[in-house]
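Reading the structure
Chain residues, written in single-letter form:
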There are 2 protein chains.
Amino acid sequence: MSERVATYLAGEKDAILERLLTLIRFPSVSTDPAFAEGMKGAREFLLDRLRAIGMQDVRLLEAPTGQPAVYGAWTGAGPDKPTIMVYGHYDVQPADPYELWTTPPFEPTIRDGRIYARGASDVKGSTTIAIETVAGFLAIEGGCPVNIKFFLEGEEEVGSPSLIDIIAAHRDLLAADAMISADGGGAAGKVPVLNIGCRGITALQFSLRTASKDAHSGKVGGAMRNALHEMARLVTTLHDEQGRVAVADFESGVAPLSNAVRAESASLPMDESAWYESFGAAPFGDPAYTVRERTTLRPTVEVNGMWGGYTGQGGKTVTPAEAHAKLTMRLVPGQEPAAAQAAVRAHLEAHAGPGVALEFNYKPGGTRAYTLGAEHPLRAATAAVLRREKGGEPAVARLGGTVPITTIFQEELGMDSLMFGLASADEDAHAPNEFFRLSSLEEGLRLWPLLLSELGKVPAGAFRDAS
Amino acid sequence: MSERVATYLAGEKDAILERLLTLIRFPSVSTDPAFAEGMKGAREFLLDRLRAIGMQDVRLLEAPTGQPAVYGAWTGAGPDKPTIMVYGHYDVQPADPYELWTTPPFEPTIRDGRIYARGASDVKGSTTIAIETVAGFLAIEGGCPVNIKFFLEGEEEVGSPSLIDIIAAHRDLLAADAMISADGGGAAGKVPVLNIGCRGITALQFSLRTASKDAHSGKVGGAMRNALHEMARLVTTLHDEQGRVAVADFESGVAPLSNAVRAESASLPMDESAWYESFGAAPFGDPAYTVRERTTLRPTVEVNGMWGGYTGQGGKTVTPAEAHAKLTMRLVPGQEPAAAQAAVRAHLEAHAGPGVALEFNYKPGGTRAYTLGAEHPLRAATAAVLRREKGGEPAVARLGGTVPITTIFQEELGMDSLMFGLASADEDAHAPNEFFRLSSLEEGLRLWPLLLSELGKVPAGAFRDAS
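Residues numbered from 1 in each chain as written. Chains lettered and ligands numbered in written order. Predicted model: local features only at pLDDT ≥ 70, side-chain atom pairs only at ≥ 80, totals over all residues. Heavy atoms only, no water.

Considering the pairing of strand β3 (residues 83-89) of chain A
Residue and element names in this part refer to chain A. Our working definition: Whether a residue is buried, partly exposed or exposed follows from its accessible area with a 1.4 Å probe, protein chains only, as a fraction of its type maximum: under 20%, in between, or over 50%, in that order. Every helix listed is a DSSP run of H or I at least four residues long, and every strand listed is a run of E at least two residues long, numbered separately from the N terminus. For two strands to be treated as a pair, DSSP must find at least two bridges joining them.
Across the seven residues of β3, seven count as buried, placing the element largely inside the fold. Side chains T83, M85, Y87 and H89 of β3 all project onto a buried face; the interleaved residues I84, V86 and G88 project onto the opposite face, where all are buried too. Where β3 lies against strand β6 (residues 147-153), seven bridges are found, and the strand directions are parallel. Counted as the bridge partner of I84 is I148 from β6. With four bridges connecting them, β3 and strand β7 (residues 178-181) associate as parallel partners.

Below is the structure:
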């Protein structure tokens, strides 16, 4: 049955690609209110598509102050079959700096078998694969092997601030046995990868002030604290010279990596030199860990943006009175987001020193790291698909990024999840010239039908026992 | 004679103020090409005014690639009288951040006896005083006590890059016995101050790169150098915790402050607490020196602007690959600008560490610090004016900022200079809400006629012997 669907989808590939490109053309940047029209366009496109393929109860789940999610269900498989939530998101990262893009970020361009555009890899490509897979089953089989609930979020790139509210308002509607995420995962490419977790995240922004106003550096230079010097000194205290986080209590609750976890992490081979080379960067980080461990099993504190003083054309002889920084912290199992955030805040306050005032701007808390249990049927089903399609035992890996939904659905709805996206690590998500491989689109349209079939073999009760 | 002129100018004060406001309304920001029209407007206003008051040979001295200077001469005093170059500048600092201005920077607004506008204090106010003083002499005395050459520069706020070329092209035209600068000095206010020098300056900008492109902080965080962390670490190495410059060889050539120099510096009393309070800042700097010494007799390295990563609305989970900084160094007697600049560059290169590439952007060299010799007749004449008008022995002070022209005219034309501007230190030059006091405008229109009369008593030869 899944073979017929895969064959059908392969025949539809031009039409599917065209729909993906249409979706990409909406500049759905959730972080910036200037892109409200692009958000709306992407939402309406998805509502129309879900209705067209035969989903029921298609609608927006409104967020009181944020971006609504797109929802649609198909429950024709009946109560004995599992109900699978399919997760994707229609929002994308900001595209700036625009001048570094070879072609405009919201005009998808196909070059060398790749779709270059903001959101192509993260995550409109994989979201399209999921929708088109269900479309294929409904079109030629008249039904799916499992019950399906699409949940396509609009705030993934801003940390899902409305998600809790949306869930609270639609707890019954969203009930399901498990969730498959089109975001995250390593289903694409030659090495089969089972992606069983991700890092969490918390964020904060702060401003630093050394005087009530900027001053002429000729008049005050040498006797006045410079906010940029103080910002530099403060940021420097966050890490040691090898990049290890130097914030007290930041790692509270984190257990040392067990041999089993380290072995699991090593199951996915990595050419560290080639990895660094691909970024044009030199090796860096805590030498006690492999690069994969550093990027998936170790927490971080990162300054994502820092600015102050005169940054325009030419020069300005100013002693700046204020400076600003945006930080995110990646979290690992055991860390509580609110506690990690508080630890960083306390560190900054403790190290700011005399004559330096800090003002914080943050949403308390964040998203815990997520791990899918070793015995969960999602693991077995996915491993079977990968084994069959790729011909080898899948490696077990974790995502270094964050898919807040995995944690939130587990905590709020008791639902486990597995990331089964087709994006690859080298596709410059969140950077200029993001792309998605046409080969990944085709591969996804083979793998997803297999996965839904495999999940259809698991009795609904098995999920409930495992969660 | 000077009393008659001062009385005449006092009667003209409404018309003079109107002309000053007109000059201020031209947004003559030399650092940013977007303000070319404002520069042109200010130039044309000054050309018209110099012609109207009876100056001869009024014209632009063109800079090959930069902003021309405005020139005009009056040589009716004859060869036995000294020829005095009067210096001012028509360019101003950028006005951003605009949102911190109470009223728009280029719409001068009078509140509480102050003119609020960009350029009011630095230095259109004092430049207007100089022009109107000569206008007064020519209008009611039919001549000046000295020969006058106006030199009104258009690149003071960008470090006078074309000045050497302009001088080279007009060496004879610019010959004079001494120069009085409307920029710098402390002629305004209750305490008479003789301003006999200024710090020099040199500048550089650099970019720091840790990878060939920005990356997703979820994917690389923990194993990739973050350009902002590296920028912070590098900037922090420039100073110790008390703000002392920690750059090897930066102070090459600087002699320890002699007791005489320190006593001279102390001749101008300073309430250090009140000074810090006026900036809303806490005390800071090398405790071995007074605040006045720190800001006039000690060199600095200052970051005037620093930026990198995502600085827009909301957040972006990026590990930035590049960061940028603009620096200026204030120099004291004995420092060679090129050597000080090279020392900072060498320091940055030495401390950048592995995996960090720097790219510098700078104009080699800069401006030396300037000191007017103790026996120069400019000192005696100015002291006499201040003694007479203010009723006490003037304090001797140095400017912490830089008036490149003083050094350049000394080096290129063998001409000494004295700063006799009416701006006060608290007028927020280079910062939002810059202002100039109406009382300083009135005072300047009394002091400048006195000064020109006093200089008229000195035989031209006395200047030549002293220089």
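Having seen the structure, we can now continue with the description.
Points about the pattern of salt bridges
If the charged atoms of two oppositely charged side chains come close together, the side chains can form a pair. All names here are of chain B. Heads up, the condition is: Think of a salt bridge as a Lys or Arg side-chain nitrogen and an Asp or Glu carboxyl oxygen that are within 4 Å of each other.
Taken as a whole and assessed by the stated rule, the structure comprises 53 salt bridges over all chains. Of the charged contacts in the structure, one is a salt bridge between R59 and D57, with a shortest N-O distance of 3.2 Å. Assessed through its relative accessible area of 40%, D57 is described here as partly exposed. R368 is the partner of E411 in a salt bridge, and the nearest nitrogen-oxygen pair spans 2.1 Å.

Some details on the domain arrangement of chain A
All names here are of chain A. What counts is decided by this rule: As used throughout, domain bounds are those supplied by an automatic or database domain assignment. Buried area: the accessible surface (1.4 Å probe) lost by two parts on joining, summed over both. Polar contacts, as counted here, are pairs of nitrogen or oxygen atoms within 3.5 Å of one another; within protein the pair requires one atom able to donate a hydrogen and one able to accept it, and residues that are adjacent in sequence qualify only if both atoms are side-chain atoms.
What the domain assignment lists for chain A is domain 1 (2-198 + 369-466) and domain 2 (200-254 + 299-367). Placing a centre on the C-alpha atoms of domain 1 and another on those of domain 2 gives a separation of 35 Å. Per-residue buried area on domain 1 facing domain 2 is highest for P161, A369 and T402; these three make up 60% of the total on that side. Joining domain 1 to domain 2, the criterion identifies zero salt bridges. Remark: the boundary between domain 1 and domain 2 carries two residue pairs in polar contact (both at pLDDT 80 or more).

A closer look at unusual backbone geometry
A negative phi angle is the norm for most residues apart from glycine, just as the trans form is the norm for most peptide bonds. Cis geometry is found at the peptide bond from D96(A) to P97(A), where omega equals 5°. Position of P97(A) among the secondary structure elements: in the loop between β3 and β4 (109-111). Cis rather than trans, the peptide bond between D122(B) and V123(B) has omega equal to 0°. The topology assignment puts V123(B) in helix α4 (residues 120-140). In this structure, N433(A) is a non-glycine residue whose phi angle is positive, near 60°. Inspection of the secondary structure puts N433(A) in the loop between β18 (416-419) and β19 (435-437). Look at D57(B): it is not a glycine, yet its phi comes out positive at around 55°. Relative to the elements of secondary structure, D57(B) occurs in strand β1 (residues 56-61).

A closer look at the environment of A232(B)
Put simply, the test is: Residues count as neighbours in contact if any of their non-hydrogen atoms are within 4.5 Å of one another.
Turning to its location among the elements, A232(B) is positioned in helix α7 (residues 227-236). Setting aside residues up to four positions removed in sequence, A232(B) forms contacts with A232(A), V235(A), T236(A) and M306(A).

Regarding the packing of helix α2 (residues 13-25) of chain A against helix α4 (residues 120-140) of chain A
Residues and elements named next belong to chain A. Where we set the bar: Throughout, an axis means a line fitted to C-alpha atoms (over the contacting stretch in the case of helices), and angles, computed between N-to-C directions, take values from 0 to 180 degrees. Orientation is classified from the angle alone, with under 35 degrees giving roughly parallel, over 145 giving roughly antiparallel, 65 to 115 giving roughly perpendicular, and any other angle giving oblique. Crossing handedness is defined as follows: a turn of the near helix away from the far one that is anticlockwise and smaller than a right angle gives a left-handed crossing, while the clockwise case is right-handed. As a working rule, the residues Ala, Val, Leu, Ile, Met, Phe, Trp, Tyr, Cys and Pro are called nonpolar, Asp, Glu, Lys and Arg charged, and the rest polar, with Gly in that last group.
Running from N to C, α2 and α4 cross one another at 135°; their axes reach a closest spacing of 10 Å. Put simply, α2 runs oblique to α4. Where α2 crosses over α4, the handedness of that crossing is right-handed. Listed contacts from α4 to I16, R19, L20, L23 and I24 of α2 are A120, K124, G125, T128 and E132. Looking at the contact of α2 with α4 residue by residue, the class counts come to five nonpolar, two polar and three charged.

Brief notes about the sheet that holds strand β5 (residues 114-116) of chain A
Residue and element names in this part refer to chain A. Strand order across the open sheet formed by three strands is β4-β5-β19, with antiparallel pairing between neighbours. Only two strands of the sheet have a single partner each, and these edge strands are β4 and β19. On average, each strand axis in the sheet is inclined to that of its neighbour by 30°, with strand direction left out of account. Across the sheet, α4 lies against β5 and β19, angled at about 40° from β19, the strand it touches most. Sitting on the sheet, helix α14 (residues 438-456) is in contact with β4, β5 and β19, with an inclination near 50° to β19.

Side note on the relation of the copies chain B and chain A
This is how the line gets drawn: Here the copies were fitted onto each other by least squares, based on C-alpha atoms from residues at pLDDT of at least 70 in both.
When chain B is brought onto chain A, the operation consists of a screw motion whose angular component is 180° and whose axial shift is 0.1 Å, with 0.1 Å RMSD remaining. On this basis, the relationship between the two copies can be described by a two-fold rotation axis. When the interface residues of chain B are mapped onto chain A, 100% of them are again interface residues, pointing to one common binding face.

Details of the UniProt feature "domain: Peptidase M20 dimerisation" (unreviewed entry) in chain A
We apply this condition: UniProt positions are given in the numbering used here, feature names are shortened, and annotations may be inferred rather than shown by experiment.
The feature "domain: Peptidase M20 dimerisation" (unreviewed entry), as annotated in UniProt, sits at residues 204-354 of chain A in this numbering. As annotated, residues 204-354 of chain A has a helix share of 33% and a strand share of 20%, and its two end C-alpha atoms lie 22 Å apart.

Quick notes on the packing of aromatic side chains
Put simply, the test is: Each pair of aromatic rings taken from Phe, Tyr and Trp, with Trp reduced to its six-membered ring, is defined by centres within 6.5 Å and is described as stacked if the planes are under 30 degrees apart, edge-to-face if over 60, and tilted in the remaining cases. Both a distance and an angle decide whether a charge sits over a ring: NZ of Lys or CZ of Arg must be within 6 Å of the ring centre and within 35 degrees of the ring normal.
The full count for this structure, using the stated rule, is 16 aromatic pairs over all chains. On the basis of an interplanar angle of 50° and a centroid distance of 6.3 Å, the ring pair of F35(B) and F106(B) is categorised as tilted. A residue pair is termed long-range when its members are at least 10 positions apart, and F35(B) in the loop between α2 (13-25) and α3 (36-53) and F106(B) in the loop between β3 (83-89) and β4 (109-111) qualify at 71 residues. Given a relative accessible area of 13%, F106(B) falls into the buried group. A connected cluster of aromatic rings, assembled from ring pairs, spans W275(A), Y276(A) and F279(A). Of note, R114(A) hangs over the ring of F435(A), and the distance from its end group to the ring centre comes to 4.0 Å.

Re the interface of chain B and chain A
Chain B puts 84 residues into the contact, and the matching count from chain A is 84 residues. At the junction of chain B with chain A, the criterion picks out four salt bridges. Between K213(A) and D428(B) there is a salt bridge whose closest N-O contact spans 3.4 Å. Inspection of the chain B/chain A interface yields 50 residue pairs in polar contact (both at pLDDT 80 or more).

Section: helix α1 (residues 2-11) of chain A
Residue and element names in this part refer to chain A. Applicable threshold: Picture the helix axis, draw a direction to every C-beta atom, and the arc is the one those directions span.
Buried residues of α1: S2, V5, A6 and L9, and no others. Viewed along the axis of α1, the buried residues span an arc of 100°, placing them on a single side of the element. Facing away from the buried side of α1 by more than 90 degrees, the exposed set consists of R4, T7 and G11.

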